[in-house]
Amino acid sequence: MLLPAARPDHAPALSVEGLGLSRAARPVLRGIDLALSPGCLLQVLGANGSGKTSLLRVLCGLAVPDEGTLHWHGRPLRAGDPAYLQALAYVGHANGIDPDLSPTENLRFAARMAGSDAAGAVANALAAQALERLAHTPVRALSQGQRRRVALARLSLARRALWLLDEPVAALDADACARFDAQLDAHLAAGGMAVIATHQLLRNGGAVLRLEAAT
Ligand SMILES: Nc1ncnc2c1ncn2[C@@H]1O[C@H](COP(=O)(O)OP(=O)(O)OP(=O)(O)O)[C@@H](O)[C@H]1O
């Protein structure tokens, strides 16, 4: 089944057909088809162990599927494709931020790595997550939700076409969830795409892929 995250007026930017992946000799993903057009969101739901993280790891190139094809703008995707890597942003379960640095220092580093050091970008990204008061506190002194907000702030620093996010709101309170909703809406409205693994349906809509836990 091809999921309707592709718009009829746009060729899909990302398309996946017949994807299969085994881990430790056990099938985890089988026969996954999906297509994603600019401005579209795909929410991936499923029980613990159903393969949500595994699917994101395949999509960001950290895991190689056993079967199936992936295309990016009509081109077959191979591991390490530089144009594809340049187009995506991945936020996994781990936040990928340095606990010894402050949110400001982490975001300055991320901005330099992304080649985007526009004046005010870091301050704006922090403000969008309501992190101003914690901007200079070492990350190790922040709560889990506050750390997650620092990780999500990185998404605002550089424009990436495809966000691959693993349970982005799991540790967030209601206000932070609302800020993430707005951040995601703005990304989609600007023509961005997102594949998001989540246990709770996000209010941003889009297509839903429900994974069944392998027996
Ligand atoms: N490093 C690994 N080695 C072997 N098997 C693994 C590994 N990581 C995950 N698995 C297996 O792959 C299956 C899918 O795991 P995955 O983490 O993708 O599920 P998930 O849907 O993201 O789960 P959760 O909701 O708990 O985050 C599980 O059966 C798990 O045991």
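Right above here is the structure, for reference.
Small disclaimer: the values here were computed from a predicted structure and weren't measured. Residue indices begin from 1 for each chain and proceed along its sequence in written order. Reporting of local features is limited, given that this is a predicted model, to residues whose pLDDT is at least 70; pairs of side-chain atoms are given and counted only at 80 or more, and all residues count toward the totals for whole chains, interfaces and linings. Remark: hydrogens and water are excluded; side-chain values derive from all non-hydrogen atoms of the structure.

Asker: How would you summarise the sheet that holds strand S1 (residues 14-23) if you had to cite specific residues and measurements?
Answerer: Consider a sheet: its strands pair through backbone hydrogen bonds, and that pairing is either parallel or antiparallel. Strands are labelled as partners when DSSP assigns at least two bridges between them. Secondary structure follows DSSP: runs of H or I at least 4 residues long count as helices, runs of E at least 2 residues long count as strands, and numbering of each begins at the N terminus. In space, the four strands of this open sheet follow the order S2-S1-S4-S5, with antiparallel pairing throughout. Of all the strands in the sheet, the pair left with one neighbour each is strand S2 (26-36) and strand S5 (75-76). Running at roughly 120° to S1, helix H1 (residues 52-59) makes contact with S1, S2 and strand S4 (67-72) of the sheet. The contact criterion used throughout is that any non-hydrogen atoms of two residues lie within 4.5 Å. For helices, the fitted axis covers only the stretch in contact; all axes are lines through C-alpha atoms, and the angles between them, taken along N-to-C directions, range from 0 to 180 degrees.

Asker: An account of the sheet that holds strand S3 (residues 41-46) is requested, with residue identities and associated values reported.
Answerer: With respect to topology, five strands assemble into an open sheet ordered S6-S7-S8-S3-S9, the strand pairing being parallel. Since the sheet does not close on itself, it has two edges, and those belong to strand S6 (88-91) and strand S9 (207-211), each with one partner. Strand-to-strand, the axes of this sheet are offset by a mean angle of 15°, without reference to chain direction. Looking at chain direction, strand S7 (residues 162-166) and strand S8 (residues 193-197) are connected through five bridges and run parallel. Bridged to Leu-162 within S8 is Met-193. Of the strands in this sheet, S3, S6, S7, S8 and S9 touch H1, which is tilted by about 150° from S7.

Asker: Tell me about the site of the ligand, residues and numbers included.
Answerer: One heavy atom within 4 Å of a molecule or strand is enough for the residue carrying it to be called near that molecule or strand. Taken together, 14 residues form the shell around the ligand, and within it Asn-48, Gly-49, Lys-52, Thr-53 and Ser-54 come nearest. Any pair of nitrogen or oxygen atoms within 3.5 Å is treated as a polar contact; in protein, a donor-acceptor pairing is required on top of that, and neighbouring residues in sequence qualify only through side-chain atoms on both sides. At 3.3 Å from a nitrogen atom of the ligand is found a side-chain nitrogen or oxygen belonging to Arg-23. In the model, an oxygen atom of the ligand is placed 3.0 Å from a nitrogen or oxygen of the His-199 side chain. For the area figures, the Shrake-Rupley method with a 1.4 Å probe applies, and any residue is considered shielded solely by the protein chains shown. Out of a free accessible area of 630 Å², the ligand has 64% covered by protein chains. Here the element with the most residues in the shell around the ligand is H1; it accounts for three residues.

Asker: Outline the layout of surface pockets, listing residues and values.
Answerer: Only protein atoms enter the calculation, which uses a 1 Å grid: trapped sets of points that fit a 1.4 Å probe without letting it out are cavities, open sets showing protein on both sides within 12 Å along at least five of seven lines are pockets, and any residue with an atom within 4 Å of a point is a lining residue. Grid points are joined across faces, edges and corners, and a volume is the space filled by probe spheres set on the points. Computed from the structure, the largest pocket encloses a volume of approximately 560 Å³. Around the largest pocket, the lining is made up of 23 residues, and of these Ala-89, Ala-110, Ala-114, Arg-154 and Arg-160 lie nearest the centre. Those elements that provide at least two residues to the lining of the largest pocket are helix H2 (82-87), S6 and helix H3 (103-113). As a working rule, the residues Ala, Val, Leu, Ile, Met, Phe, Trp, Tyr, Cys and Pro are called nonpolar, Asp, Glu, Lys and Arg charged, and the rest polar, with Gly in that last group. Residues that form the lining of the largest pocket fall into these classes: 17 nonpolar, three polar and three charged. Looking at the second largest pocket, its volume works out to about 210 Å³. Along its surface, the second largest pocket is lined by 15 residues, and Val-58, Gly-61, Leu-77, Arg-78 and Ala-79 are the ones closest to its centre. Tallied by class, the residues present in the lining of the second largest pocket amount to eleven nonpolar, two polar and two charged.

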